[in-house]
Each structure stands twice: as structure tokens, then as C-alpha cells.
Amino acid sequence: MTDVRTPQGPVRVLVVDDQPLMRRGLARLLAGEEGIEVVGQAEHGRAALDFLARCAADTRPHVVLVDVHMPVMDGITLIGRLVEEHPGTASVILTTFQEDEYLFEGLRAGARGYLLKDAEPEEVADVLRRVAHGESILTGAVADRLIGALGAPAPAPSPSPPARPSEEEADPLTERELEISRLISEGAANRDIARTLFITEGTVRNHVTNALRKLDLRDRTQLALWYARTRG
């Protein structure tokens, strides 16, 4: 299985939603965002797979933006099929539903991102670009739900729970890196972190890169989960 292909030019996107107004509106909005090229639309999962089967290698979508509830083939099923049949194409869920079952089902199926339909177009475009370049992205409200669920007490505690990391193990980061990790776990974007800490966005990115390297993590979502687990 190959990794998601990193685009050399614009990020090619397929929009999949059973509501024509929503689907066409999304396509129009995203077409106006820098670095995004909407290459197709589909009304359900089966149509999306048919579209991908017809695509040449140089026109295949880098990312599929997927609604959860659709006829013929729903979004969760589609995501699983994409992982199996088109591993070079990532998927991002876009839905109005905030129930935990859809969040966890989507992530288990292989989604690389999860957005709510009230997100701003530039936020959607930013997530699509980052996912296309290999990141896994959960926006603030969604990340809060996941972190909250992971931090909730288990229904039946283990008789021998794993020991909490020692202070040395829990704090491999500098004070500034920890501070930025905390803000990321709260759903803050780089520009918000820079404004809060009175530093540049470039400095924020450097600290995030250093933290990921020290912890051997892949992306901001994993960093947020690490912070919630060790410092929450």
C-alpha cells in the first residue's frame, strides 16, 4: 500500500455529497481557493468510485471530500473502499453531524481529516491542502471531542493501569514547545498561537516541527493527543 501522493501543483479534489445545492456550492467555493482544483463531483460513494476508476493518473484526485450520509453508498463505506482500492487518495469527512459514532467510525475507516459543514471555505481549503501533503487533521471542535473522549474514564478500570510517565519522560519538550502543544490541543491554529504568544507564525511552525521530531510524532493531531494524554 502506497502513501498519499504529495501533489506537485494544485491539490485536486473530488466533492462527494448527495445534496446538489451543497455539492455544487462547495465546488464553487473551493474552486476560488488558492492551490485547490475541483476535478469532479459525485452524489454518492458508488459514483465517486466510478469517477476514480475513469481518472488517468495525472487527473486523479489527491483528496476526496466526503459527506457521511448518502444513498447507494455512505461516506464511511466509501472511505474504507478508498483505503483499499485507491490508497494514493486521501479522504476528509465533511458533515453536519457531530455524534461521536461518526467521528470514530470515520477515523477507523481511514479518514485523514474531519470537518463540520459550518467551517469557513478557507479552513476547508487549508485542511485539504495539508491532508494532501500527508498530515492528519482534526479541526478545533472535532479535536476537542476526540481528546475529551480519550480522556474520559473507562467503564471498567484495568486492575493494573499503566503507570503515568515520569516527569522527565512526560516533559521532553521545552517550556515554549509545551505551551504551543497545549494551544494546539485546544484547537488553536498557527496564526492564533502566534498572536497569543506574540511570536511569528514561522516561529510557531519551527517549534511544532521540533516537538514532532523529539516525540517521533507525525503531525499536529498526534501532538495534541500526546499533550492530552501526558499533561491533561
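Residues numbered from 1 in each chain as written. Predicted model: local features only at pLDDT ≥ 70, side-chain atom pairs only at ≥ 80, totals over all residues. Heavy atoms only, no water.

What follows deals with the pairing of strand 5 (residues 113–116). Side chains of strand 5 alternate between two faces, with Gly-113 and Leu-115 and Tyr-114 and Leu-116 buried alike. In terms of strand pairing, strand 5 meets strand 6 (residues 137–138) through two bridges, oriented parallel. Counterpart to Tyr-114 in the pairing with strand 6 is Leu-138. Handedness of the crossover joining strand 5 and strand 6 through helix 5 (residues 121–132): left-handed. (Buried < 20%, exposed > 50% of the residue type's maximum accessible area, 1.4 Å probe, protein only. Helix = DSSP H or I, 4+ residues; strand = E, 2+ residues; numbered from the N terminus. Pairing = 2+ DSSP bridges. Right-handed = clockwise from strand over helix to strand, strands pointing away.)

Looking now at the packing of helix 8 (residues 175–185) against helix 10 (residues 201–215). Helix 10 packs onto helix 8 with a crossing angle of 95° between their chain directions and a minimal axis gap of 9 Å. In terms of axis orientation, helix 8 runs roughly perpendicular to helix 10. Where helix 8 approaches helix 10, its residues Arg-176, Glu-177, Ile-180 and Ile-184 are matched on the opposing element by Val-204, His-207, Val-208, Asn-210, Ala-211 and Lys-214. (Axes fitted to C-alpha atoms, helices over the stretch in contact; angles between N-to-C directions. Parallel < 35°, antiparallel > 145°, perpendicular 65-115°, else oblique. Contact = heavy atoms within 4.5 Å.)

The next subject is the pattern of salt bridges. Considering all chains together, one arrives at eight salt bridges under this definition. For Glu-186, the salt bridge is made with Arg-182, and the minimal N-O distance between the two is 3.2 Å. Put simply, Asp-126, Arg-130 and Glu-135 are held in one network by salt bridges that share partners. (Salt bridge = Lys/Arg side-chain N within 4 Å of Asp/Glu carboxyl O.)

The next point concerns helix 5. For helix 5, spanning twelve residues, the distance from its first C-alpha to its last is 16 Å, which sits close to the expected 16 Å at 1.5 Å a residue. Within helix 5, the full set of buried residues consists of Val-124, Ala-125, Val-127, Leu-128, Arg-130, Val-131 and Ala-132. With its phi angle positive at about 100°, Gly-134 sits one or two positions after the end of helix 5. (Expected span 1.5 Å × (residues − 1).)

A word on the sheet that holds strand 1 (residues 11–16). The six strands are arranged 2-1-3-4-5-6 in an open sheet whose pairing can be described as parallel. The open sheet is flanked by strand 2 (36–42) and strand 6, the only strands paired with a single partner. The sheet strands contacting helix 5 are strand 1, strand 2, strand 3 (63–66), strand 4 (90–95), strand 5 and strand 6, and the helix crosses strand 3 at an angle near 140°.

Attention now goes to the pairing of strand 2. Sheet topology places strand 1 next to strand 2; six bridges connect them, and they run parallel. Note on strand 2: the bridge partner recorded for Val-11 is Ile-36. For the handedness criterion, the β-α-β arrangement of strand 1, helix 1 (residues 20–31) and strand 2 is classed as right-handed.

A few words on the packing of helix 10 against helix 11 (residues 220–231). Look at helix 10 against helix 11: their axes get within 10 Å of each other, and the N-to-C directions meet at 70°. Classified by the angle between their axes, helix 10 and helix 11 sit roughly perpendicular to one another. Of the two possible hands of crossing, helix 10 and helix 11 adopt the one that is left-handed. Between helix 10, through Val-208, Ala-211, Leu-212 and Leu-215, and helix 11, the contact on the second element is made entirely by Arg-220, Leu-223 and Trp-226. Per-class residue counts for the contact of helix 10 with helix 11 are six nonpolar, no polar and one charged. (Left-handed = near helix turned anticlockwise from the far one by under 90°. Nonpolar A, V, L, I, M, F, W, Y, C, P; charged D, E, K, R; others polar.)

With 26 residues, the main nonpolar core has Val-16, Leu-78, Ile-93 and Tyr-114 as its most contacted residues. In terms of residue count, helix 2 (residues 45–54) provides more of this core than any other element does, five residues in total. Core analysis: the next-biggest nonpolar cluster, separate from the first, contains 20 residues, Val-15, Leu-26, Ala-119 and Ile-137 among them. (Core = buried A, V, L, I, M, F, W, Y, C linked by side-chain atoms within 4.5 Å.)

Of all residues in the protein, 80% have pLDDT values of 70 or greater, and the mean over the chain is 81. Contacts for the low-pLDDT stretch residues 152–168, under 50 throughout, to residues beyond four places or in other chains number seven contacts. (pLDDT = per-residue confidence, 0-100.)

Turning our attention to unusual backbone geometry. Outside of glycine, negative phi angles account for most residues, and trans bonds account for most peptide bonds. Unlike most non-glycine residues, Val-72 shows phi in positive territory, near 70°. In this fold, Val-72 is placed in the loop between strand 3 and helix 3 (75–85). The backbone phi angle of Phe-198 is positive, close to 60°, even though this residue is not glycine. In this fold, Phe-198 is placed in the loop between helix 9 (190–197) and helix 10. By relative accessible area, which is 76% here, Phe-198 ends up exposed.

Time to look at the side chain of Ser-136. The residue Ser-136 is located in the loop between helix 5 and strand 6 in this model. Taking relative accessible area as the criterion, Ser-136 reaches 14% and is therefore assigned buried. Engagement of the side chain of Ser-136 in a polar contact is seen with the side chain of Arg-112, the distance being 3.2 Å. Beyond its immediate chain neighbours, meaning those up to four positions away, Ser-136 contacts Arg-112, Arg-218, Asp-219 and Thr-221. (Polar contact = N/O pair within 3.5 Å; in protein donor to acceptor, adjacent residues only side chain to side chain.)

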